[in-house]
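As a plain string of letters, each chain reads:
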Amino acid sequence: MSQRGVFWALLPDKLRRLPADLTALLGWVIFVNLAVFLPVVRETPLRVVLGLPFVLFIPGYALIAALFPEAGESPTESESEQATAATDGSGTISDRGIDGIERVALSFGLSIAVVPLIGLVLNFTPWGIRLVPIMVAVSGFTVGMTALAASRRWALPPEDQFSVPYRAWVNSVRTELFEPTSRTDSVLNVILVLSVLLAVGSVGYAVAVPKEGESFSEFYLLMEDDSGELVADGYPTDFQRGEPQELVVGVGNQEHETVDYTVVAEIQRVDIVDNETRIQETTELRRFQTTVQNNETWQRQHTVAPRMTGERLRLQYLLYRGDPGQQLNRSDAYRELHLWVNVTG
């Protein structure tokens with residue numbers, strides 16, 4: 001017995017009897033998770049190529065397979081059988097179910113409906129709408145619907161079970177391409193093949209070489225509210241000299257590349273003359289250095305305990321790309337944030 005035969009014999013009986021289309025669903029779920037989470041593969045276009053059908057088609061097909069386990073027939077075949085039944089007096093025929101074209105169309109429609117609903121449910125959970133919860137939820141839904149579809153399909157007689165007519169499709173394509181009935185059909189077949197190749201190539205190029213959008217870095221301050229959530233509100237304005245208060249400083253990288261950042265926090269005594277801010281005295285409070293990957297976010301809690309006292313002092317955060325050096329040039333800062341605070345002794 002070959003190695004493949006030995007491996008096949010070790011599989012459970014239900015897995016060996018699983019229909020080909022449902023097996024393909026489970027295989028797609030496995031491969032798309034590998035493409036999303038494997039360290040090297042997730043940086044390649046394979047992640048997008050497998051991810052788009054996973055979101056737009058796979059969940060809907062699994063749901064349709066669970067709802068309609070029986071084989072269907074096309075509308076033209078159904079009308080022909082109804083006409084035959086009417087002429088020979090045999091009565092009406094049973095519901096025709098859905099055929100392959102309807103199954104594919106409903107799969108796209110239900111996927112577009114199901115995936116946003118899963119995201120809506122996750123939005124009200126502690127996990128939120130993030131990559132890992134979305135992948136787990138959509139994968140779990142697809143696997144669950146696939147198991148239900150297999151169970152319902154096995155409950156039907158073999159002749160009533162739905163199966164994808166792969167051989168009929170292959171034979172039909174071979175006949176149309178290599179055995180055309182006329183020269184016109186041959187030319188049209190060539191044009192059709194070229195059009196399909198052009199469309200697939202265009203989509204593949206768009207996925208593999210996406211157009212980069214605007215490049216920017218997010219820079220923000222957050223506070224922790226009474227419920228423990230981080231919000232952009234309720235910033236402290238009154239400090240006691242040397243008594244700490246907590247802030248959270250964050251950086252979001254949307255530069256389409258990995259960037260080294262430096263965050264410098266200062267407390268400054270300033271004068272405003274003719275709408276121009278002049279720094280009279282400054283004390284550096286803290287300096288953070290970090291490397292942030294593209295489309296990633298960095299946050300760090302900063303304990304602010306200023307020693308400088310006075311009214312309307314400026315608590316300033318400066319963001320630099322790279323190392324600004326010990327002698328700061330504030331005009332070279334990439335981003336700037338500040339709060340006006342009072343510090344009493």
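Definitions and limits used
Residues numbered from 1 in each chain as written. Predicted model: local features only at pLDDT ≥ 70, side-chain atom pairs only at ≥ 80, totals over all residues. Heavy atoms only, no water. pLDDT = per-residue confidence, 0-100. Contact = heavy atoms within 4.5 Å. Helix = DSSP H or I, 4+ residues; strand = E, 2+ residues; numbered from the N terminus. Expected span 1.5 Å × (residues − 1). Buried < 20%, exposed > 50% of the residue type's maximum accessible area, 1.4 Å probe, protein only. Core = buried A, V, L, I, M, F, W, Y, C linked by side-chain atoms within 4.5 Å. Phe/Tyr/Trp six-rings, centres within 6.5 Å; stacked < 30°, edge-to-face > 60°. Lys NZ or Arg CZ within 6 Å of the ring centre and 35° of its normal. Patch = residues over 30% accessible without salt bridge, like charges linked within 9 Å, V, L, I, M, F, W, Y side chains within 5 Å. Areas by Shrake-Rupley, 256 points an atom, 1.4 Å probe, with all protein chains shown as cover. Salt bridge = Lys/Arg side-chain N within 4 Å of Asp/Glu carboxyl O. Pairing = 2+ DSSP bridges. Axes fitted to C-alpha atoms, helices over the stretch in contact; angles between N-to-C directions. Polar contact = N/O pair within 3.5 Å; in protein donor to acceptor, adjacent residues only side chain to side chain. Parallel < 35°, antiparallel > 145°, perpendicular 65-115°, else oblique. Left-handed = near helix turned anticlockwise from the far one by under 90°. Nonpolar A, V, L, I, M, F, W, Y, C, P; charged D, E, K, R; others polar.

Draft legend 1. Structural context of the confidence of the model for the protein chain. Within the protein chain, residue pLDDT values average 83, and 83% of them lie at 70 or more. pLDDT under 50 marks residues 82-94. Its contacts with residues more than four places away, or in other chains, come to seven contacts.

Draft legend 2. Layout of helix H3 (residues 20-37). Between its first and last C-alpha atoms H3 spans 26 Å; for 18 residues at 1.5 Å apiece the expected length is 26 Å, and the two agree. Among all positions in H3, only Asp21, Leu22, Leu25, Gly27, Val29, Val32, Asn33, Ala35 and Val36 are buried.

Draft legend 3. Structural context of the nonpolar core. Within the largest apolar cluster, 26 residues are counted, with the highest numbers of intra-cluster contacts made by Leu22, Leu25, Val32, Phe54 and Tyr61. Within the residue set of this core, elements represented by two or more residues are H3, helix H4 (46-56), helix H5 (58-67), helix H7 (100-123) and helix H8 (131-154). Residues within four places of valine 32 in sequence aside, it is in contact with Leu50, Gly51, Phe54 and Met135. By size, the runner-up hydrophobic cluster in this structure holds 25 residues, among which are Leu221, Ile267, Val292 and Met308.

Draft legend 4. Structural detail: H7. Its 24 residues give H7 an end-to-end C-alpha distance of 34 Å, which sits within 8% of 34 Å, the value for a rise of 1.5 Å per residue. Among all positions in H7, only Arg103, Ser107, Ser111, Val114, Val115, Ile118, Gly119 and Leu122 are buried. Where H7 is buried, its residues touch H4, H5 and H8.

Draft legend 5. Representation of the packing of aromatic side chains in the model. According to the stated counting rule, one finds three aromatic pairs in the structure shown. Both rings, one in phenylalanine 57 and one in phenylalanine 108, keep their centres 5.0 Å apart while their planes meet at 55°; by these two values the pair is tilted. Taken as a pair, phenylalanine 57 in the loop between H4 and H5 and phenylalanine 108 in helix H7 lie far apart in primary sequence, 51 residues in all. The partly exposed category is assigned to phenylalanine 108, whose relative accessible area is 39%. When the ring centre of tyrosine 334 is taken as origin, the NZ or CZ atom of arginine 335, which lies over that ring, is 4.3 Å away.

Draft legend 6. A look at a nonpolar patch on the surface. Together, Val48, Leu52, Val55, Leu56, Val104, Phe108 and Ile112 give the surface a local cluster of nonpolar side chains, amounting to about 550 Å² of exposed area. Secondary-structure elements contributing two or more residues to the nonpolar patch are H4 and H7. Per-element accounting of the nonpolar patch gives the leading share, four residues, to H4. Tracing the backbone through its elements, the reader meets valine 55 in helix H4. A relative accessible area of 35% means that valine 55 is categorised as partly exposed.

Draft legend 7. Here's a closer look at the environment of leucine 221. Assignment of secondary structure puts leucine 221 in strand E1 (residues 216-224). On the basis of relative accessibility, which here comes to 6%, the residue leucine 221 falls in the buried class. For the pair formed by leucine 221 and tyrosine 235, sequence separation is 14 residues and the distance between their alpha carbons is 8.7 Å. In contact with leucine 221, not counting residues within four places along its chain, are Ala232, Tyr235, Val248, Val249, Tyr317, Leu337 and Leu339.

Draft legend 8. Looking closely at the sheet that holds strand E8 (residues 310-321). The strand order across the open sheet formed by five strands is E3-E9-E8-E5-E6, and the pairing between neighbours is mixed. Each of the sheet's edge strands pairs with one partner strand only, and the pair in question is strand E3 (238-240) and strand E6 (276-292). Across the sheet, the axes of successive neighbouring strands diverge by a mean angle of 30°, strand direction being ignored.

Draft legend 9. Region of the structure containing the pattern of salt bridges. Tallied over the entire structure, the rule returns seven salt bridges. Between arginine 42 and glutamate 43 there is a salt bridge, with the nearest N and O atoms lying 3.9 Å from each other. The class of arginine 42 is partly exposed, set by a relative accessible area of 37%. For arginine 269, the salt bridge goes to glutamate 281, with nearest N and O atoms at 3.3 Å. Here the residue arginine 269 occupies a position in strand E5 (residues 259-273), and glutamate 281 occupies one in strand E6, the gap between them amounting to twelve residues. Residue class for arginine 269 comes out partly exposed when judged on its relative accessible area of 28%. Each member of the salt-bridge network shares a partner with another, and the members are Glu255, Glu257 and Arg321.

Draft legend 10. Molecular detail of the side chain of threonine 290. Topologically, threonine 290 is positioned in strand E6. Its relative accessible area of 14% is what places threonine 290 among the buried residues. Within the structure, threonine 290 has its side chain in polar contact with the side chain of tryptophan 298 (distance 3.5 Å).

Draft legend 11. Quick peek at the pairing of E6. Summarising the sheet, E5 and E6 pair through 15 bridges and their orientation is antiparallel. Residue isoleucine 267 lies in a different strand from E6, and its bridge partner there is threonine 283. Taking the residues between adjacent antiparallel strands as the criterion, E5 and E6 are bridged by two residues, where aspartate 274 takes a positive phi near 55°.

Draft legend 12. Layout of the packing of H5 against H8. Two numbers describe how H5 lies on H8: the axes approach to 7 Å, and their chain directions differ by 25°. Here H8 runs roughly parallel to H5, going by the angle between their axes. H8 is crossed by H5, and the crossing has left-handed handedness. In this structure, H5 contributes Ile58, Pro59, Ala62, Leu63, Ala65, Ala66 and Leu67 to the contact, and H8 contributes Val138, Phe141, Thr142, Met145, Thr146, Leu148, Ala149, Arg152 and Arg153. For the contact of H5 with H8, the per-class residue count stands at twelve nonpolar, two polar and two charged.

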